[in-house]
Amino acid sequence: MAASLRQVVAGSWRQPERHLLALQCAARHSRWCLITSRTFYTAEYDPNEKTFEKLLIANRGEIACRVIKTCKKMGIKTVAIHSDVDSSAVHVKMADEAVCVGPAPTSKSYLNMDAIMEAIKKTRAQAVHPGYGFLSENKEFARRLASEGVTFIGPDTHAIQAMGDKIESKLLAKNAKVNTIPGFDGVVKDADEAVRIAREIGYPVMIKASAGGGGKGMRIAWDDEETREGFRFSSQEAASSFGDDRLLIEKFIDNPRHIEIQVLADKHDNALWLNERECSIQRRNQKVVEEAPSTFLDAETRRAMGEQAVALAKAVKYSSAGTVEFLVDTKKNFYFLEMNTRLQVEHPITECITGLDLVQEMIRVAKGYPLRHKQADIPINGWAVECRVYAEDPYKSFGLPSIGRLSQYQEPLHVSNVRVDSGIQEGSDISIYYDPMISKLITYGSDRAEALQRMEEALDNYVIRGVTHNIALLREVIIHPRFVRGDVSTKFLPDVYPDGFQGHKLTDLEKRELLAIAASLYMAEQLRSQQFLGSPRISLAKLDLNNRELSVQLGDGTYSVTVSNNGSTFSVEVDGMKLNVTSEWNLASPLSSVTIDGTQRTIQCLSRDAAGNISIQFLGTVYKLRILTKLAAELSKYMPEKAVEDTTSILRSPMPGAVVAVSVKPGDLVSEGQEICVIEAMKMQNSMIAAKTGKATNKNLPGSWQHTGNPSCNL
């Protein structure tokens, strides 16, 4: 069985031509193309094995699309639910049927149990797959389904209750002989009690939602003040995201790894552990980069963690796919963190190295079939890496949400060994109502080095326009020497970037390459402007293409560049070094493959204008340059500079969102660092504070808050 799984895994990645064709076809938005352009399945499907005739997916986005793909392979008809703003979403187009369950806010749509139950009755769906988030770990939803004779694709209500409640799950883990973190085994009543408990445990502590997950409702506190603040925000986030504001407090293990074990169990007392996933690269307790297996675990530790995870699953009679999360210290001591009783976001990397389709296994288990594999059948075949591509600005706290419309979108499916799980397409909107994830980008290789090399190539070839995204951060993480050698922890990002993420730091050679590429693009455009339908224009002044002197501005520096042309190659002299830059120079293409003295680079020209301004995505980071002729550069010195706007007296939210609380009123004196309001964006709450001392006023901007440096002066 293990051999057959390996064959399936190895063979499933050798179809780049098919996926490139599907990608090109997807531009026409046909349903077939939307499905096949991202298909990477590794398991075999038995058409004679009967499961369900119709299944409703109580979710949206990429996970809804992911479930639909497997259902189609299994011959199961699908029903999508959607909010009114999601009526044209990809998962709606992919499903056989679709039902609107309410307006955009999640509480009125994807968390609206009454509307979803009505949709189930209306469509006569026999089963429901909840995906992750929303109602996936809601015991009341599972109970209501059972009472209507509808199968919940997941564990029973007892397991959801036991493992979904972090307080109860910790007690059960102790009884099952699973290593646990020291902490308070109860519900924290208020902020005063939180402070008392934190002092007893000893700082630092982790405050987190009892019913939470996905980084929501979690805060680290290092003192009494942070404990009070953390209690307030965590309880509010927990109530907003899960409808349950109960909190627990436990010892915060500083600088650990976050490693989780995938488990799979059936209703016949069979349970397997499907190896581990390394999930230590995080920001705000949310994962950013994952890989399987982990570079840190040896066979003995892996087996011990797997056996404890299975013991916990059996202790609650678990039956479905689930994930047991552990914190692992530098000495490979591991401690139970929580169990997620659902399909995990990062499940694709486990599928890559084991050959299993976890959605298929969940559906089979829910129907009552026993597992088809034994523990000895589960391989670790190769290496897989997943990057979560978000509509976020990585230069703000490693990723604050961005909204907008995808004006141009092209997944890197022409790169071999690449899988993209997404639920969007060109023209899709990233709104304030839902998670800002664009896709999960997965690469696979025979070893870690190959998987990382594929990821680097895939990130360079990923075209996303219309929203700010985190490609630059993802690329920097996977090429960083610490990450490459496997030296990671949950503090990786703040340790590596203590002053925040600043983008790629160009070496001297890389800077010359960028300058040469920019100058070559400028000259290529000048050449194109002389052409008319492929034929030369009649020009009053012929462009001199030999030894053309240019001035290129990059950052705070200005560089003299000399360019000569010879067919598709430009010879560029930068700082006394000559570089030969060759490309097809298709200026209409979003991607350009450029060769610089034998080194291949994939770049994206994001914008350019007649004033010589050009934006280039190079090595993952976007650089803004200005290219002028020597004469234009000399004359530009006499142009007046635009005055920089003074924004220190304005409180401006760094992200779109809803104001859920205002802590001051017009006329109040405000101190530097004082909270002005709370913004909720994509299920996370953020405190907006004053940048300086002043007086609050909304005189100039209705509905907004301003403050001034002079208490007696109103703006």
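Residues numbered from 1 in each chain as written. Predicted model: local features only at pLDDT ≥ 70, side-chain atom pairs only at ≥ 80, totals over all residues. Heavy atoms only, no water.

Trainee: Pulling in residues and values, what's your account of the side chain of histidine 129?
Mentor: Following the sequence through the fold, histidine 129 ends up in strand 4 (residues 127-129). In terms of polar contacts, histidine 129 uses its side chain to reach the backbone amide nitrogen of glycine 131, at 3.0 Å. When residues no more than four places from it in sequence are discounted, the contact partners of histidine 129 are Leu55, Leu56, Ile57, Ala58, Val67, Ile153, Leu343, Val359 and Met362. (Helix = DSSP H or I, 4+ residues; strand = E, 2+ residues; numbered from the N terminus. Polar contact = N/O pair within 3.5 Å; in protein donor to acceptor, adjacent residues only side chain to side chain. Contact = heavy atoms within 4.5 Å.)

Trainee: Just give me the short version of the sheet that holds strand 5 (residues 151-152), but keep the residues and values in it.
Mentor: Think of a sheet as strands paired side by side through backbone hydrogen bonds, with each pair either parallel or antiparallel. Spatial strand order, 3-2-1-4-5: five strands in an open sheet with parallel pairing. Single-partner strands in this sheet number two, and they are strand 3 (97-102) and strand 5. Of the strand pairs in this sheet, strand 1 (residues 54-57) and strand 4 are connected by three bridges, and their pairing is parallel. When the bridges of strand 4 are listed, isoleucine 57 appears paired with histidine 129. (Pairing = 2+ DSSP bridges.)

Trainee: Got a sec to walk through the nonpolar core? Specific residues and values, please.
Mentor: One finds Ile281, Val289, Ile438, Leu441, Tyr462, Ile464 and Phe483 to be the most contacted residues of the largest nonpolar core, which totals 40 residues. At the level of secondary structure, the elements contributing two or more residues to this core comprise strand 11 (286-292), strand 14 (383-390), strand 19 (418-422), strand 21 (437-445), helix 15 (448-460), helix 16 (471-479) and helix 18 (492-496). Beyond its immediate chain neighbours, meaning those up to four positions away, isoleucine 438 contacts Val389, Tyr390, Ala391, Tyr409, Ser422, Gly423, Ile424, Ile430, Tyr462, Ile464, Val467 and His469. Ranked by size, the runner-up nonpolar core spans 37 residues in total, among them Leu274, Val345, Ile363 and Ala366. (Core = buried A, V, L, I, M, F, W, Y, C linked by side-chain atoms within 4.5 Å. Buried < 20%, exposed > 50% of the residue type's maximum accessible area, 1.4 Å probe, protein only.)

Trainee: Tell me what's going on with the pairing of strand 31 (residues 613-618), and back it up with residues and numbers.
Mentor: For strand 31, a buried count of five out of six residues is recorded, marking the element as mostly surrounded by other parts of the structure. Strand direction decides the pairing type here: strand 30 (residues 599-608) and strand 31, joined by four bridges, are antiparallel. Across the sheet, the residue bridging to arginine 608 is isoleucine 614, located in strand 31. Linking strand 30 to strand 31, which pair antiparallel, is a turn of four residues; within it glycine 612 sits at a positive phi near 90°. Pairing of strand 31 with strand 32 (residues 621-629), which is carried by six bridges, proceeds in the antiparallel orientation. Counterpart to phenylalanine 618 in the pairing with strand 32 is threonine 621. The turn joining strand 31 and strand 32, which pair antiparallel and follow one another in sequence, is formed by two residues; a positive phi near 55° is taken by leucine 619.

Trainee: I'd like a rundown of the side chain of glutamine 308, residues and numbers included.
Mentor: As for its position among the elements, glutamine 308 is in helix 12 (residues 299-315). Polar contacts involving the side chain of glutamine 308 include one to the main-chain amide nitrogen of asparagine 179, which spans 3.1 Å. Not counting residues within four places of it along the chain, the set of residues in contact with glutamine 308 comprises Lys177, Val178, Asn179, Phe326 and Phe334.

Trainee: Give me the packing of aromatic side chains: which residues, what numbers.
Mentor: Considering all chains together, one arrives at eleven aromatic pairs under this definition. Note on tyrosine 110 and tyrosine 434: the rings are 5.6 Å apart at their centroids and 80° apart in plane angle, and the pair reads as edge-to-face. Pair noted here: tyrosine 110 is in the loop between strand 3 and helix 6 (113-123) and tyrosine 434 is in the loop between strand 20 (429-430) and strand 21, with a separation of 324 residues, a long-range link. One exposure class covers both tyrosine 110 and tyrosine 434, and it is buried. For the ring pair phenylalanine 570 and tryptophan 585, a centre distance of 5.4 Å and an interplane angle of 75° mean the geometry is edge-to-face. Taken together, the positions of phenylalanine 570 in strand 27 (residues 569-574) and tryptophan 585 in the loop between strand 28 (577-582) and strand 29 (592-596) put the pair 15 residues apart, joining distant regions of the chain. Positioned above the aromatic ring of tyrosine 390, the side-chain terminus of arginine 283 is 4.8 Å from the ring centre. Sitting above the plane of the phenylalanine 483 ring, arginine 448 keeps its charged end 4.9 Å from the centroid. (Phe/Tyr/Trp six-rings, centres within 6.5 Å; stacked < 30°, edge-to-face > 60°. Lys NZ or Arg CZ within 6 Å of the ring centre and 35° of its normal.)

Trainee: Explain the confidence of the model for the protein chain to me, and be specific about the residues and the numbers.
Mentor: Of the residues in the protein chain, 88% have a pLDDT of 70 or more, and the chain-wide mean is 88. The model gives residues 1-41 a pLDDT under 50, and that stretch makes 80 contacts with residues more than four places away or in other chains. Across residues 700-715, confidence stays below pLDDT 50; counting only partners more than four residues off in sequence or on other chains, it has 46 contacts. (pLDDT = per-residue confidence, 0-100.)

Trainee: Go over the pairing of strand 14 with me, naming the residues and quoting the values.
Mentor: Within strand 14, eight of the eight residues are buried, which leaves it mostly tucked inside the rest of the structure. Here strand 14 shows no split at all, with Trp383, Val385, Cys387 and Val389 on one side and Ala384, Glu386, Arg388 and Tyr390 on the other all buried. Note: strand 14 against strand 21, eight bridges, orientation antiparallel. Across the sheet, residue alanine 384 finds its bridge partner in strand 21, namely tyrosine 444.

Trainee: With reference to specific residues and values, describe a negative patch on the surface.
Mentor: There is a patch of like negative charges on the surface, built from Asp223, Glu225, Glu226 and Glu229. For glutamate 225, the location among the structural elements is in helix 11 (residues 224-242). (Patch = residues over 30% accessible without salt bridge, like charges linked within 9 Å, V, L, I, M, F, W, Y side chains within 5 Å. Areas by Shrake-Rupley, 256 points an atom, 1.4 Å probe, with all protein chains shown as cover. Salt bridge = Lys/Arg side-chain N within 4 Å of Asp/Glu carboxyl O. Lys, Arg positive; Asp, Glu negative; His and termini not counted. Charge placed at Lys NZ, Arg CZ, Asp CG, Glu CD.)

Trainee: Talk me through a nonpolar patch on the surface; I want residue IDs and the actual numbers.
Mentor: Taken together, the side chains of Val85, Ile403, Ile432 and Tyr433 present a nonpolar region at the surface, about 310 Å² in accessible area. Relative to the helices and strands, isoleucine 403 resides in the loop between strand 16 (400-401) and strand 17 (404-405). Exposure remark for isoleucine 403: the relative accessible area of 38% places this residue in the partly exposed category.

Trainee: Would you mind going over the sheet that holds strand 31 in detail, with residue names and values included?
Mentor: Spatially, 25-26-27-28-29-30-31-32 is the arrangement adopted by the eight strands of the closed barrel, whose pairing is antiparallel. The mean inter-strand angle of the sheet, taken between neighbouring strand axes irrespective of direction, is 35°. Pairing between strand 25 (residues 548-554) and strand 26 (residues 557-566): seven bridges, direction antiparallel. Of the residues in strand 26, the one forming a bridge with leucine 554 is glycine 557. (Axes fitted to C-alpha atoms, helices over the stretch in contact; angles between N-to-C directions.)

Trainee: How would you explain the pattern of salt bridges if you had to name every residue and give the values?
Mentor: Going through the model one piece at a time under the given rule, you end up with 44 salt bridges. Here glutamate 137 makes a salt bridge to arginine 342, at a shortest N to O gap of 3.0 Å. Here glutamate 137 is found in the loop between strand 4 and helix 7 (139-147), whereas its partner arginine 342 is found in the loop between strand 13 (334-340) and helix 13 (347-354), with 205 residues between them in sequence. When its relative accessible area of 24% is taken as the criterion, glutamate 137 is described as partly exposed. The shortest N-O distance in the salt bridge between glutamate 260 and lysine 287 comes to 2.8 Å. Remark: lysine 287 occurs in strand 11 and glutamate 260 occurs in strand 9 (residues 257-265); sequence separation between them is 27 residues.

Trainee: Before we move on, could you go through helix 8 (residues 157-164) and cite the residues and values that matter?
Mentor: For helix 8, the full list of buried residues reads Ala159, Ile160, Ala162, Met163 and Gly164. Packing partners of the buried residues in helix 8 comprise helix 7, strand 5, helix 9 (166-175), helix 12 and strand 13.

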